[in-house]
Amino acid sequence: MAAGLRAWLGTDYPCRCLRGWHLTPGLPRSRLAHAAAAPRLQQEYDAVVIGAGHNGLVAAAYLQRAGVRTVVMEKRHVLGGAAVTEEIVPGFKFSRASYLLSLLRPQIYTELELQRHGLRVLPRDPYSFTPLLEHKSSPRSLLLGHDMAQTQQQIAQFSQKDAQAYPEYEAFMGRLVAALNPLLDAPPVDTAALGQGSLLQRLRALRALQPLLQAGQMLGWQLPRYYEVLTAPISKILDQWFESEPLKATLATDAVIGAMASPYTPGSGYVLLHHVMGELQGQRGAWGYVAGGMGALSQAIACAATALGAHIFAEKAVCHVLLGRDGQAQGIALQDGTEVRSKLVLSNASPQVTFLELIPQEQLPKDFVQRIRQADTCSPVTKINVAVDRLPNFLAAPNARDGQPLPHHQCSIHLNCEGTHLLHQAFTEATHGYPSSRPMIELCIPSVLDPGLAPHGCHVVSLFTQYTPSVLAGGQPWDEEARNAYADTVFDCIEDYAPGFKASVIGRDILTPPDLERIFGLPGGNIFHGAMSLDQLYFTRPAPSYSGYRSPIPGLYLCGSGAHPGGGVMGAAGRNAAQVALEDFRRL
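Everything quoted here is computed from the prediction, not taken from an experiment.

**Student:** Give me the lowdown on the sheet that holds strand β17 (residues 412-415), citing residues and values where you can.
**Tutor:** Here we have 7 strands laid out as an open sheet, ordered β7-β6-β17-β18-β19-β16-β20, and mixed in their pairing. Looking at strand neighbours, the two that pair on one side only are β7 (141-144) and β20 (505-511), the edges of this open sheet. Taken over all neighbouring pairs, the strand axes of this sheet differ in orientation by 20° on average, direction set aside. Pairing analysis gives 4 bridges linking strand β6 (residues 128-131) to β7, with the strands arranged antiparallel. Bridge pairing in β7 links S128 to L144. Running at roughly 55° to β7, helix α11 (residues 245-256) makes contact with β6, β7, β17, β18 (440-444) and β19 (459-466) of the sheet.

And the structure:
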């Protein structure tokens, strides 16, 4: 009985301060009858946060930490937005949407004491495995890890020149990351204040220029080369460094992941940079699994917020933002008619939901509304979560006889990455409305390092795949037949690399772009709340003159991935937005 109940409830979280709150994943209202009395929703708070995605939870924690009475409203039954753990197949706990951690800002770990609140991250080394389809008895593969000498040996299978160049490439990218890093932790420069604001506003805006100036100073005489990285197709940059296609294709996946873009698309270099900006345990660019799945991260942040006194409620869908006669945000109304008053409202929802659904259009500037409507939210992503009864057995790296995991099983496993031309071909098919016939696949098996995610001997497999258009050719719907047909294509590809994979499948959960939008509120299914292209970053995210978290509605702030610095489980938007809102709150 106890085992059955654990399987039904999903992930067990260690945070004692959340007991009695209506926010446990998969726990329906009726099961809470025996729990300690949950806090009552009050009629008035200092701040309301719309959405309990990781950024919303971070914002709530920082506001409450500063003494601002804060409540978070989440429409789903589970906290975390896209950073959730859900038991889709009985006994198998999936990081259903986001699945790896690296980008979370180091300050958030320490300032919110996330480790004390139960967060445990499992680093991966090696971290990248690219098996090749080759017509030979022992196909080759490329294994990358933090040991530079071993990584160079792996690269040397394909090119001695590339093996020698790789450390210099890593150092080159590292300098750019170090220069841009401070820009992530502050609002973009307020260009409107620089030109038209009061003297005090102009002085504040000038101070905000400091990180930009420091970045330029750090890059020095190499600034033109780094500018090229940010603006050029990543294929051009990688061609300048390397000659072997498997290495270039493997590195290029970070430049197109989550983006409706090809390695040959100008500006794809920035997306690569975005994905190497993180760190784990002091290791730059490292990615790891969260013990208990990504939902354990969200629960740790929620625990930090509630320990400080914040209130968090699940299954409370916000209908609209309340506005005063002066146009100021004054709280929110729930779908059940309940109104909650506040001086501040922070939205973790996408810009499209926030400004096109929760605010009357006549209250917003027409050019602003047009910008939000026209923002690029195209998504190429279909996420497939798979329960299997054994480890995949790759031709390029056969399993051990005892069936125990080998080092490559903990990696991001890149399939259909023999060359950048394959990524471009997959992209091209999607631009014509057809799911890729040979999709780019990133396969991860978190249960290799976190066995509690699956029954003994079984595993959870995450398949992050591209490219699938949001709208199919001819306006055809992503119905059950289309979804299964695409998943079958993905499984056929995996079978080519790891025969027996299809026979190992117990169950699967297919999330196309429309599914990602419907379930997680990701606009167009875009995992970043909007493209991470240069025209939608920094000064222009989500729109020019509104990149500093404040919106055209006084008292309403954007704190999700649609704000600077963009997507990924980073928390920077939540932390930065809370600081801006706190500034304004202290002036009230």
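**Student:** Outline the layout of surface pockets, listing residues and values.
**Tutor:** Empty space within the second largest pocket amounts to approximately 830 Å³. As for the second largest pocket, its lining consists of 30 residues, of which P187, D190, R204, R550 and E583 are closest to the centre. For the lining of the second largest pocket, the elements supplying multiple residues, two or more each, are α6 (191-196), α7 (199-208), α8 (210-219) and α20 (572-587). A class-by-class count of the residues in the lining of the second largest pocket yields 13 nonpolar, 10 polar and 7 charged.

**Student:** Now, about the sheet that holds strand β14 (residues 339-341): what can you tell me, with residues and values included?
**Tutor:** Taken together, the 3 strands give an open sheet; going across it, the order is β12-β13-β14, and neighbouring strands pair in antiparallel fashion. Unpaired on one side and paired on the other, β12 (318-323) and β14 mark the two borders of the sheet. Taking each pair of neighbouring strands and ignoring which way they run, the sheet shows an average axis angle of 25°. For β12 and strand β13 (residues 329-334), the ladder comprises 5 bridges, and the chain directions are antiparallel. From the neighbouring strand, H320 faces β13, where its bridge partner is A333.

**Student:** Which residues make up empty space enclosed by the protein, and what values do they have?
**Tutor:** Taken as a whole and assessed by the stated rule, the structure comprises 4 cavities of 30 Å³ or more. Contributing to the lining of the largest cavity are K93, F94, S95, Y99, N385, P446, L453, V460, V461 and S462. Where the lining of the largest cavity is concerned, the elements lending two or more residues are β4 (92-95) and β19. Across the lining of the largest cavity, the residue classes break down as 6 nonpolar, 3 polar and 1 charged.

**Student:** Which residues make up α11, and what are the values?
**Tutor:** For α11, which comprises 12 residues, the first-to-last C-alpha distance of 16 Å matches the rise-based estimate of 16 Å (1.5 Å per residue) to within 8%. Along α11, 10 of the 12 residues are buried, which leaves the element largely enclosed by surrounding structure. Positioned one or two residues after α11, G258 has a phi angle of 80°, which is positive.

**Student:** So what's going on with the pairing of β4? Which residues, and what values?
**Tutor:** In β4, alternate side chains face the same way, and those of F92 and F94 on one face and K93 and S95 on the other are all buried. Two strands pair when backbone bridges link them, and strand β3 (residues 85-89) and β4 are joined in this way by 3 bridges, in the antiparallel orientation. Paired with T85 across the strands is S95, a residue of β4. Remark: 2 residues form the turn of the hairpin made by β3 and β4, two consecutive strands paired antiparallel; G91 in that turn has positive phi of roughly 90°.

**Student:** I'd like a rundown of the state of the cysteines, residues and numbers included.
**Tutor:** This structure, assessed with the given rule, holds 0 disulfides. Left unpaired, C411 is separated from the closest cysteine sulfur, that of C444, by 8.8 Å. Left without a disulfide partner, C559 is nearest to the cysteine sulfur of C319, which lies 19 Å away.

**Student:** Can you explain the confidence of the model for the protein chain? Please cite residues and give values.
**Tutor:** Chain-level pLDDT for the protein chain is 90 on average; 92% of the residues reach the 70-or-more range. Across residues 1-36, confidence stays below pLDDT 50; counting only partners more than four residues off in sequence or on other chains, it has 64 contacts.

**Student:** I'd like to hear about a nonpolar patch on the surface, residue by residue, with values.
**Tutor:** Nonpolar side chains collect at one region of the surface, where L199, L203 and L206 lie side by side and expose about 310 Å² of accessible area between them. Along the polypeptide, L203 turns up in helix α7. Take L203: its relative accessible area is 43%, and that puts it in the partly exposed class.

**Student:** Could you give an account of the environment of Q352, naming the residues involved and the relevant values?
**Tutor:** Within the fold, Q352 resides in helix α14 (residues 351-356). Along the primary structure Q352 and T377 are separated by 25 residues, whereas in three dimensions their C-alpha atoms are 9.6 Å apart. The contact partners of Q352, leaving out residues within four places of it in the chain, are E357, I372, A375, T377, P523 and H529. Within the structure, Q352 has its side chain in polar contact with the backbone oxygen of I372 (distance 3.4 Å).

**Student:** Requested: an account of the environment of P126, with residues and values cited.
**Tutor:** The topology assignment puts P126 in the loop between β5 (121-123) and β6. Residue P126 is classed as buried on the basis of its relative accessible area of 12%. In sequence terms P126 and H408 are 282 residues apart; their C-alpha atoms lie 6.8 Å from each other. Residues in contact with P126, not counting those within four places in the same chain, are L143, L144, G145, P407, Q410 and C411.

**Student:** Outline the environment of M73, listing residues and values.
**Tutor:** Position of M73 among the secondary structure elements: in strand β2 (residues 70-73). Along the backbone, M73 and L449 are 376 residues apart, and their C-alpha atoms lie at a distance of 33 Å. Sequence-distant contacts of M73, defined by excluding residues within four places in its chain, comprise L41, V48, V49, I50, G51, A52, F313, K316, V318, I332, L334 and V340.

**Student:** Explain the nonpolar core to me, and be specific about the residues and the numbers.
**Tutor:** When a protein is soluble and globular, its nonpolar side chains tend to lie buried together. The biggest cluster of nonpolar side chains holds 73 residues, and the ones touching the most others in it are Y166, Y169, M173, L176, F242, L273 and F520. Counting residues per element, this core draws most heavily on helix α5 (residues 160-180), which supplies 10 residues. Among all residues touching L176, those that are not within four sequence positions of it are L219, Y226, V229, L230 and L273. Core analysis: the second largest hydrophobic core is formed by 72 residues, V58, A59, A329 and L364 among them.

The rules behind these values
Residues numbered from 1 in each chain as written. Predicted model: local features only at pLDDT ≥ 70, side-chain atom pairs only at ≥ 80, totals over all residues. Heavy atoms only, no water. Pairing = 2+ DSSP bridges. Helix = DSSP H or I, 4+ residues; strand = E, 2+ residues; numbered from the N terminus. Axes fitted to C-alpha atoms, helices over the stretch in contact; angles between N-to-C directions. Contact = heavy atoms within 4.5 Å. 1 Å grid on protein atoms, 1.4 Å probe; cavity = no way out; pocket = protein on both sides within 12 Å on 5 of 7 lines; lining within 4 Å. Points joined across faces, edges and corners; volume = space filled by probe spheres on them. Nonpolar A, V, L, I, M, F, W, Y, C, P; charged D, E, K, R; others polar. Expected span 1.5 Å × (residues − 1). Buried < 20%, exposed > 50% of the residue type's maximum accessible area, 1.4 Å probe, protein only. Disulfide = S-S within 2.5 Å. pLDDT = per-residue confidence, 0-100. Patch = residues over 30% accessible without salt bridge, like charges linked within 9 Å, V, L, I, M, F, W, Y side chains within 5 Å. Areas by Shrake-Rupley, 256 points an atom, 1.4 Å probe, with all protein chains shown as cover. Salt bridge = Lys/Arg side-chain N within 4 Å of Asp/Glu carboxyl O. Polar contact = N/O pair within 3.5 Å; in protein donor to acceptor, adjacent residues only side chain to side chain. Core = buried A, V, L, I, M, F, W, Y, C linked by side-chain atoms within 4.5 Å.

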